[in-house]
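# Working through the structure, step by step
Chain residues, written in single-letter form:
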Amino acid sequence: MNEKKRILTGDRTTGKLHLGHYVGSLQSRVKLQDEYDTFILLADIQALTTHFEKPELIKESIYEVAIDNLSVGLDPNKITMLLQSKITAIAELTVFYSMVVSVNSLRHNPTIKTEAKQYGYDDLSYGFLGYPVSQAADITFCNADLVPGGDDQVPHIEVARKIVRRINDLYGTNINEPEIMLSSCPRLMGLDGNAKMGKSLNNAIYLSDSDEEVNKKVSQALTDKNRISIKDKGNPDICVVSKYHQIFNSDDYDNICEMCRNASVGCVACKKQLSKSLNGLLAPFREKRAYYEAHKNLVRDIIEEGSKKANIEGNKTVEALKKAMSLSL
Ligand code: TRP
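All of these numbers come straight from a predicted model, not from anything done at the bench.

## Details of the packing of helix α8 (residues 131-140) against helix α9 (residues 154-171)
Running from amino to carboxyl end, α8 crosses α9 at an angle of 70°, the nearest separation of the two axes being 9 Å. The orientation of α8 with respect to α9, classified from their angle, is roughly perpendicular. In the crossing of α8 with α9, the sense of the turn from one axis to the other is right-handed. Residue-level inspection shows Tyr 131, Pro 132, Val 133, Gln 135, Ala 136, Ile 139 and Thr 140 of α8 in contact with α9, the latter providing His 156, Ile 157, Val 159, Ala 160, Ile 163 and Val 164. A breakdown of the residues in the contact of α8 with α9 according to their chemical character gives 10 nonpolar, 3 polar and no charged.

Below you can see the structure in the form of C-alpha cells.
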C-alpha cells in the first residue's frame, strides 16, 4: 500500500543542468524524495518543441540530465525516473486533452509568450504552442498530486488543472487536479548580472563543471563596478558575487557584506571564498557523477525500469479514460 503523496517534475533534455536548476529545483527534489513518491521526468518530447532540428543533442542530454539528477543525491531506489517518449499514455492523453483546450488560452500563456520571444518565434509551431497540454499529460498519467517548480510553471499547472476539471466533468473520471509546489528559493541570477542563469546566455556554472572551471567563472563574475581598488568601499547590493554569497554562504552573509562595505576584504578574496563554497557543494556531486558516468548501463537501466513502471500506471489511466470517453467497442 502506498499512502505517500505523489510528485512529478522534470527537465527538458536540451543540455546539462546548472546551479540555477539546483537552487530552484534539484535541491528540493532531493529533500522531498523521502516524504513523497517521486517521479522525475526526462522531457525529451518537450525538448523537441525548441530543438527538433538537433536530435543528437537531445539524445546526449537525456544521459546528462539523468546523471545531473542522480549526482545531486536523488536515489534511484527511491524515485522513479522516466523518459517521456517511452510513455505511450503521455502521447495518448495529449491528444484527448487537446480537444478541451482553447487555442486562445494557449496563446495567452505568459510562459509560452516569454519563451517564444526568447527563441525569436513569431509563427509558433503547433507542438510548441501546445506543450502545456502535453505537460498536463506528463503530470496526470500517473495521477500526481503535486508539481514542484518555479513560478514560470504556474501557468502550465493552471492549464493542467483546467483540463482535468473539464475532463472529469465531462466523462465522470477521477483524475487528480494537480497543485504546484513553488520553490522557496529566489531565482539565481547569471554570473554576468543577467536575471536568469542560462545555457544560451553563457553565464552559468554547471553541476558538471570542474574546480578550475568554477574558479575561472567566479573570478569573472560581475561586482560593484565603482569599486576599482581594494581600498574603495564596495556596495554588495549591486554585486553578483554578494547575491551568490547570500544563497551559498547564508550564515556568513551579513559579515561578508560588512567587510565589502568597509573595504576590509577585496573582490579577489571575496570571490575565492565563494568558489571555495561552491566547490565544497559540488565535490560530492562530482564523485557521484564520476560513478554514474563510468556506469552508463546502470543509468540506462534506471530509466528503463522507471519508464516500465510509469507505463503500467499510464496504461491504467488511459484505459479508464478511454472507457469513460466511449472510445471502445
Ligand atoms: N517545462 C519544464 C521545463 O521547463 C519541464 C517539464 C516537462 C515539466 N514536463 C513537466 C515540469 C511536468 C514539471 C512537470 O524544464
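## Examining the site of the ligand
The local shell around the ligand holds 13 residues, among which Leu 41, Gln 46, Gln 135, Asp 138 and Gln 153 are the closest. A distance of 2.8 Å separates a nitrogen atom of the ligand from a polar atom in the side chain of Gln 46. At 3.1 Å from a nitrogen atom of the ligand is found a side-chain nitrogen or oxygen belonging to Gln 135. Within the complex, 89% of the 360 Å² of free accessible area of the ligand lies under protein. Secondary structure elements with two or more residues in the shell around the ligand: β1 (6-12), β2 (37-43) and α8.

## Concerning the pairing of β1
Counting buried residues in β1 gives 6 out of 7 residues, a clear majority hidden from the surface. Examined bridge by bridge, β1 and β2 share 7 bridges and lie parallel to one another. When the sheet's bridge partners are listed, Ile 7 is paired in β2 with Thr 38.

## Comments concerning the packing of helix α11 (residues 240-248) against helix α13 (residues 267-294)
A pair of packed helices is characterised by two quantities: the angle between their axes and the separation of those axes. Packing of α11 against α13 leaves a shortest axis separation of 10 Å and a crossing angle of 40°. Between α11 and α13, the angle is such that the two are oblique. In the packing of α11 onto α13, the handedness of the crossing is left-handed. Here α11 contributes Val 241, Tyr 244, His 245 and Phe 248 to the contact with α13, which in turn contributes Cys 270, Lys 271, Gln 273, Leu 274, Ser 277, Leu 278 and Leu 281.

## Description of a nonpolar patch on the surface
Nonpolar side chains collect at one region of the surface, where Ile 45, Leu 48 and Phe 52 lie side by side and expose about 270 Å² of accessible area between them. As for its position among the elements, Leu 48 is in helix α2 (residues 44-51). Here Leu 48 falls in the partly exposed class, since its relative accessible area comes to 39%.

## Digging into the pattern of salt bridges
Applying the stated criterion across every chain yields a total of 17 salt bridges. Among the salt bridges present, the one from Glu 177 reaches Arg 161, with a minimum N-O distance of 2.9 Å. In this pair, Glu 177 is assigned in the loop between α9 and β5 (179-182) and Arg 161 in helix α9, connecting sequence segments 16 residues apart. Through salt bridges with shared partners, a single network forms among Glu 158, Arg 161, Arg 165 and Glu 177.

## Concerning unusual backbone geometry
Positive phi is not limited to glycine here, since Asn 143 has a value of about 55°. By secondary structure assignment, the location of Asn 143 is in the loop between α8 and β4 (146-149). Phi at Asn 202 is positive, roughly 60°, even though this residue is not glycine. With respect to the element layout, Asn 202 can be found in the loop between β5 and α10 (211-219). Taking relative accessible area as the criterion, Asn 202 reaches 72% and is therefore assigned exposed.

## Quick word on the pairing of β4
Of the two faces of β4, both are covered, the one formed by Leu 146 and Pro 148 as well as the one formed by Val 147 and Gly 149. Direction of pairing for β4 relative to β5: parallel, over a ladder of 4 bridges. Bridged to Pro 148 within β5 is Met 181. Between β4 and its parallel partner β5, the chain crosses via α9, and the hand of that crossover is right-handed.

## Here we look at the environment of Ser 61
With respect to the secondary-structure elements, Ser 61 resides in helix α3 (residues 55-71). In the structure, Ser 61 is positioned 19 residues away from Leu 42 in sequence and 9.2 Å away in space, judged by C-alpha atoms. Setting aside its immediate chain neighbours within four residues, Ser 61 contacts Thr 13, Thr 14, Gly 15 and Ala 66.

Calculation criteria
Residues numbered from 1 in each chain as written. Predicted model: local features only at pLDDT ≥ 70, side-chain atom pairs only at ≥ 80, totals over all residues. Heavy atoms only, no water. Axes fitted to C-alpha atoms, helices over the stretch in contact; angles between N-to-C directions. Helix = DSSP H or I, 4+ residues; strand = E, 2+ residues; numbered from the N terminus. Parallel < 35°, antiparallel > 145°, perpendicular 65-115°, else oblique. Left-handed = near helix turned anticlockwise from the far one by under 90°. Contact = heavy atoms within 4.5 Å. Nonpolar A, V, L, I, M, F, W, Y, C, P; charged D, E, K, R; others polar. Near = heavy atom within 4 Å. Polar contact = N/O pair within 3.5 Å; in protein donor to acceptor, adjacent residues only side chain to side chain. Areas by Shrake-Rupley, 256 points an atom, 1.4 Å probe, with all protein chains shown as cover. Buried < 20%, exposed > 50% of the residue type's maximum accessible area, 1.4 Å probe, protein only. Pairing = 2+ DSSP bridges. Patch = residues over 30% accessible without salt bridge, like charges linked within 9 Å, V, L, I, M, F, W, Y side chains within 5 Å. Salt bridge = Lys/Arg side-chain N within 4 Å of Asp/Glu carboxyl O. Right-handed = clockwise from strand over helix to strand, strands pointing away.

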